[in-house]
Amino acid sequence: MEDLLTESDAPAPAGTTFFDTQLGFAVRRECAPVLDLPPFAVPEDYVARRADLGAAEVNRRLLRAAGIGTYVIETGHRSDEILTPEQMAEVTGAGHAEVVRLEVIAEQVAARVEPADFPAAYRAALDDALRTAVGVKTIAAYRGGLDLDPERPTDDEVVAAVAAWTRCAEGPLRLTDPVLVRFGWWEAVDRQAVVQVHVGYGDPDVDLHRCNPLLMTELFRRTRGTGVRFALLHCYPYHREAGYLAHVFEHVYCDVGLAVNFTGAQSPQVVAESLELTPFHKALFSSDAFGAAELYHLGALLFRRGLGQALSEWGRTAGWPTEEQLRVARMVGSENARRLYRLENPTTGG
Amino acid sequence: MEDLLTESDAPAPAGTTFFDTQLGFAVRRECAPVLDLPPFAVPEDYVARRADLGAAEVNRRLLRAAGIGTYVIETGHRSDEILTPEQMAEVTGAGHAEVVRLEVIAEQVAARVEPADFPAAYRAALDDALRTAVGVKTIAAYRGGLDLDPERPTDDEVVAAVAAWTRCAEGPLRLTDPVLVRFGWWEAVDRQAVVQVHVGYGDPDVDLHRCNPLLMTELFRRTRGTGVRFALLHCYPYHREAGYLAHVFEHVYCDVGLAVNFTGAQSPQVVAESLELTPFHKALFSSDAFGAAELYHLGALLFRRGLGQALSEWGRTAGWPTEEQLRVARMVGSENARRLYRLENPTTGG
Amino acid sequence: MEDLLTESDAPAPAGTTFFDTQLGFAVRRECAPVLDLPPFAVPEDYVARRADLGAAEVNRRLLRAAGIGTYVIETGHRSDEILTPEQMAEVTGAGHAEVVRLEVIAEQVAARVEPADFPAAYRAALDDALRTAVGVKTIAAYRGGLDLDPERPTDDEVVAAVAAWTRCAEGPLRLTDPVLVRFGWWEAVDRQAVVQVHVGYGDPDVDLHRCNPLLMTELFRRTRGTGVRFALLHCYPYHREAGYLAHVFEHVYCDVGLAVNFTGAQSPQVVAESLELTPFHKALFSSDAFGAAELYHLGALLFRRGLGQALSEWGRTAGWPTEEQLRVARMVGSENARRLYRLENPTTGG
């Protein structure tokens, strides 16, 4: 349990606990009552109660309490260990839709075809995935950073990169070659997809200074008018930079997903900062939840609370009427994502 | 009208409007009443009322409501489409002073003299401009970024750069050569001018990560004691970095001009952050307004409100007496600019 | 006196005073009463009263008012002009412990041995210092920045670097060679020391954009599990980045020391931001005070107030019980430092 409370991959130092973090405090305060414990139950009681109830019941309670209408779920990370989108829908009683990971498609394709056949096979696989998926995701941030050449690579460059990559590989393929990351980006552009970009804060594999979304400025500039749309995810501590990009580029959207969970009681400030430049019609909600059901519940609860605090503060100090506050809340909390991912359209799984 | 509410140059996505931004909300809340509409009038009514009243009346109302005592106006951008400083003074009943754009002078001079004559002609043109102008402005941020060699170029380098630039140019000259940008900076240093530096947030032409004012640190270090002063404009999201520079370098000033308008209800936090390290005697106000009269009115109103909120908060939590709050407000809102630009001095147009 | 209110090294511009800063306002508000003056006494009265009382009495009053239990003092900067840790203990009635500066040790060793003997002599000197010191400090930020090769240099590289450095040196040796800075880092790693890293905001010698702690990510990655611990000091304006590092790396700690003093009435926001990602068991307090006793008093007072404001806000908006608020305050204000520096252990001087 405790290891799901952190993006670190090491235990807390002796004499300390990950429960002593913003996220840990939020779990004790907000999730404990959902499991019939008093607010701020001590960690030992929380862990014990969780085990008593069993994973299925804990998931059911926390996910339903989240009040999420449609889960848009990216399935590229340890997908054999977590619920499928369909299972999530069953547990939660909510709608569902899938997002596929560009780098995972490349790894799967490279494992089964010759380098010379990679470009065509990748294109076919992506077409196939987009028959049901509502978007794609890139984790370039975890695979070397976002400061890549914005130029589209040629097929020859792609074939050479696949050959070099697969020739030396041992064990499961892991894509880090920038040529192939860029190839995936441009194939998504060609398909006018929604491209989720993991930005900023992540685990110890990330070189955070290579994850500033401003490093993608030239790519955004070159893809104006193509029909592609980019959704910058999480973005902390670069959420103001992400807001700037969403302000100047009509096809860039952003959220502060993961940051809301991990900044806990401080998340209202982070949410407010993310709405400085981001147009209200391009700000999104996400939970970045993975694994622990707590993250879904808290992601939704803290975002609602943070946005609510920001909006009522702006009502008080800047005169925003209640109905305008509610309208912004509806846009950010639901309508923008529904429009972006076309979730009303039954052929896309919403 | 709507395109003046954004630094983007593309329309909002289908089904959305630039009025759904911090700036759009501020226009509806604060400008609508100046045009006899109720607060938060719907965008359609606002646009219609604006057309009914006519540009002259709208300008007169909004500019006078701004309550600005002296307009310091930079005239290098689309100057044939906007009011001259003299016309602004007439419309507003306020004082006026002019700031000239270093890169525009270079473009004008390069268009009329041979490369070999450029250095002398540029110097003469700058001397001439500074007979009336109270300062110069550089838009290096829009022309490749601020990470330039801090060394002064030689005249030979300048002549070669002008020759290379003008030889291949088609249409109106547009300066991007870093040698010539640096030449302008150093000529301004020699004249002990006030050099306004556009920093940070701007339109889609800007590579924002090349606009961090820290990239100019070495130039600031080398120009200590020369008499030149630098005013860093806007600075968002690098306003804390700008405050640091104003703290350690006695000849660096800063403001959060444009950011105040575009962050709207969130601007009090931005204003407060800008006053963390900036000495109170070197913080400035600016509107960065261009074109739409709304930007002048809101720039002034939101800055006053944001500064007022910060000061009264600091009164409440840190015990600042009212008279000290007012003294800081006078410094930042007016006295610092008057001292920096020597606006009391009648020979400089104040 | 006035020059201790700034990290700049030049006088304030004519007609202005460093008292018109966040720090100056805090001195007038909080230190004046300790010297029997009314809050917000005018600067002239403050300076006169300070001279009347004499340095010894001023130090005694302000340091005791600080309420610091144990002073952990780094002695590498102008140590002949300030009180020794023992003298501080006498003046304050508090415990004391020493931190030694890696670069100063290198300068002292290089001045007395041949290059070929430098590695062994440095190691012996560091072992000797760590017999009593509770940690080491690196000021690489002031000596070229933090973006250094994370690789450990060989002894041959070290000897060559010392030879090159000392051959051309005139006057006192000043270490800037990155090979020797890295050598000191790795020797500290070998000794499982606590390494204080000066990060971010400093005087005009610093290139702040080379002081982002993210530039040390690879070093942190390579030293996991070695037993070394890093304490990132000050960190402004990179305190969110520092919090990220403390979140993902179990051996990274951080504080916002100096920033609290210099941001004054705004410091509650800075303190709150520093606790977004930093686990509560790895956040530290420091004053970064040097020279003026005011900095010790204000560093402690403003940090307590800022942390108190943040905690009670989180109590109000996020439901943190009072006892949990107090527990976090104890961890951050004292327990974490005592555990990190092993201050209870009598052999380390606590």
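Basis of the calculations
- Residues numbered from 1 in each chain as written.
- Chains lettered and ligands numbered in written order.
- Predicted model: local features only at pLDDT ≥ 70, side-chain atom pairs only at ≥ 80, totals over all residues.
- Heavy atoms only, no water.
- Helix = DSSP H or I, 4+ residues; strand = E, 2+ residues; numbered from the N terminus.
- Rg over C-alpha atoms; globule rule 2.2 N^0.38 Å.
- Buried < 20%, exposed > 50% of the residue type's maximum accessible area, 1.4 Å probe, protein only.
- Contact = heavy atoms within 4.5 Å.
- Areas by Shrake-Rupley, 256 points an atom, 1.4 Å probe, with all protein chains shown as cover.
- Lys, Arg positive; Asp, Glu negative; His and termini not counted.
- Charge placed at Lys NZ, Arg CZ, Asp CG, Glu CD.
- Buried area = accessible area lost by both parts, 1.4 Å probe.
- Salt bridge = Lys/Arg side-chain N within 4 Å of Asp/Glu carboxyl O.
- Polar contact = N/O pair within 3.5 Å; in protein donor to acceptor, adjacent residues only side chain to side chain.
- Nonpolar A, V, L, I, M, F, W, Y, C, P; charged D, E, K, R; others polar.
- Least-squares fit on C-alpha atoms with pLDDT ≥ 70 in both.
- Pairing = 2+ DSSP bridges.
- Axes fitted to C-alpha atoms, helices over the stretch in contact; angles between N-to-C directions.
- UniProt positions renumbered as here; feature names shortened; annotations may be inferred.
- Right-handed = clockwise from strand over helix to strand, strands pointing away.
- Core = buried A, V, L, I, M, F, W, Y, C linked by side-chain atoms within 4.5 Å.

As annotated in an unreviewed UniProt entry, chain A carries the name Amidohydrolase and comes from Kytococcus schroeteri.

1. A word on the overall build of chain A
Check the secondary structure of chain A and you find 14 helices and six strands. Computed over C-alpha atoms, the radius of gyration of chain A comes to 21 Å, within 12% of the 20 Å expected from 2.2 N^0.38 for 350 residues, which places it in the range of a compact globule. Along the three orthogonal principal directions, the C-alpha set of chain A runs to about 60 × 50 × 40 Å. Looking at chain A residue by residue over its 350 residues, the buried ones come to 62%. Considering only contacts in chain A between residues 6 or more positions apart, those separated by 24 or more positions represent 72%. Accessible area for chain A stands at about 12700 Å²; split by element, carbon and sulfur atoms hold 50% of it. Taken as two groups, the 34 positive and 49 negative side-chain charges of chain A have centres that lie 6 Å from each other.

2. Comments concerning the interface of chain B and chain A
Every contact between the two is made by 42 residues of chain B and, on the other side, 34 residues of chain A. Taken together, the two surfaces of chain B and chain A that pack against each other cover about 3100 Å², and 56% of this comes from carbon and sulfur. A:Arg221 is the partner of B:Asp207 in a salt bridge, and the nearest nitrogen-oxygen pair spans 3.0 Å. Counting across the chain B and chain A interface gives 14 residue pairs in polar contact (both at pLDDT 80 or more). At the level of secondary structure, the elements contributing two or more residues to the side of chain B that touches chain A comprise helix H1 (22–34), helix H11 (257–263), helix H12 (267–274) and helix H13 (293–318) of chain B. Top element by residues in the side of chain B that touches chain A is H1(B). It accounts for five residues. Of the residues belonging to the side of chain B that touches chain A, the class tally is 18 nonpolar, 13 polar and 11 charged.

3. Details of the relation of the copies chain B and chain A
Superposition of chain B onto chain A requires a rotation of 120 degrees combined with a translation of 0.0 Å along the rotation axis, giving an RMSD of 0.0 Å. What we have between these two chains is a three-fold relation. Nearest to the rotation axis, the C-alpha of B:Gln269 is located 5.6 Å from it, this being the minimum over chain B. Little of the interface of chain B is mirrored in chain A, where only 5% of its interface residues again form contacts.

4. As for the sheet that holds strand E3 (residues 135–138) of chain C
Residue and element names in this part refer to chain C. Read from one edge to the other, the open sheet built from six strands follows the order E1-E2-E3-E4-E5-E6, with strand pairing classed as parallel. The sheet is open, and its two borders are formed by strand E1 (70–74) and strand E6 (252–254), each paired with just one other strand. Going across the sheet, the axis of each strand differs from the next one's by a mean of 30 degrees, ignoring polarity.

5. Brief notes about the UniProt feature "domain: Amidohydrolase-related" (unreviewed entry) in chain A
The sites that UniProt annotates as "domain: Amidohydrolase-related" (unreviewed entry) are residues 115–343 of chain A. Taken end to end, residues 115–343 of chain A has its terminal C-alpha atoms 36 Å apart, with 51% of it in helix and 8% in strand.

6. Some words on the side chain of B:Arg143
All names here are of chain B. Relative to the elements of secondary structure, Arg143 occurs in the loop between strand E3 (135–138) and helix H7 (155–168). Looking at Arg143, its side chain comes within polar contact range of the side chain of Glu107, at 2.8 Å. Of the polar contacts made by the side chain of Arg143, one reaches the backbone oxygen of Leu175; its length is 2.8 Å. Those residues in contact with Arg143 that lie beyond four places of it in its chain are Glu103, Glu107, Arg174, Leu175 and Thr176.

7. So, the sheet that holds strand E4 (residues 194–199) of chain A
Residues and elements named next belong to chain A. On the basis of which strands lie adjacent, the open sheet formed by six strands has the order E1-E2-E3-E4-E5-E6 and parallel pairing. At either end of the open sheet lies a strand with only one pairing partner, and these are strand E1 (70–74) and strand E6 (252–254). Adjacent strand axes in the sheet meet at a mean angle of 30 degrees when their direction is disregarded. Where strand E3 (residues 135–138) meets E4, three bridges bridge the pair, whose relative direction is parallel. By the bridge assignment, Val136 is partnered in E4 with Val195.

8. Re the interface of chain C and chain B
Interfaces are frequently sized by the accessible area removed from exposure as the parts join. Residue-level contacts link 42 residues of chain C with 34 residues of chain B. Across the chain C/chain B interface, buried area totals approximately 3100 Å², and carbon plus sulfur atoms make up 56% of it. Between C:Asp20 and B:Arg327 there is a salt bridge; the shortest N-O distance is 2.8 Å. Taken together, the links from chain C to chain B amount to 15 residue pairs in polar contact (both at pLDDT 80 or more). The set of elements that each furnish at least two residues to the side of chain C that touches chain B consists of helix H1 (22–31), helix H11 (257–263), helix H12 (267–274) and helix H13 (293–318) of chain C. Top contributing element to the side of chain C that touches chain B by residue count: H1(C), with five residues.

9. Some points on the pairing of strand E2 (residues 95–101) of chain A
All names here are of chain A. When E1 meets E2, the two strands line up parallel, connected through five bridges. The residue bridging Thr70 from the neighbouring strand is Gly95, located in E2. For the handedness criterion, the β-α-β arrangement of E1, helix H4 (residues 85–92) and E2 is classed as right-handed. As judged from the three bridges shared by E2 and E3, these two strands associate in the parallel manner. Its bridge partner being in E3, Val100 is matched across the sheet by Val136.

10. Focus on the nonpolar core
Within the largest apolar cluster, 356 residues are counted, with the highest numbers of intra-cluster contacts made by A:Phe118, B:Phe118 and C:Phe118. Ignoring any residue separated from it by four or fewer positions in sequence, one finds B:Phe118 in contact with B:Ala106, B:Val109, B:Ala110, B:Val113, B:Val158, B:Val162, B:Leu180 and B:Phe183.

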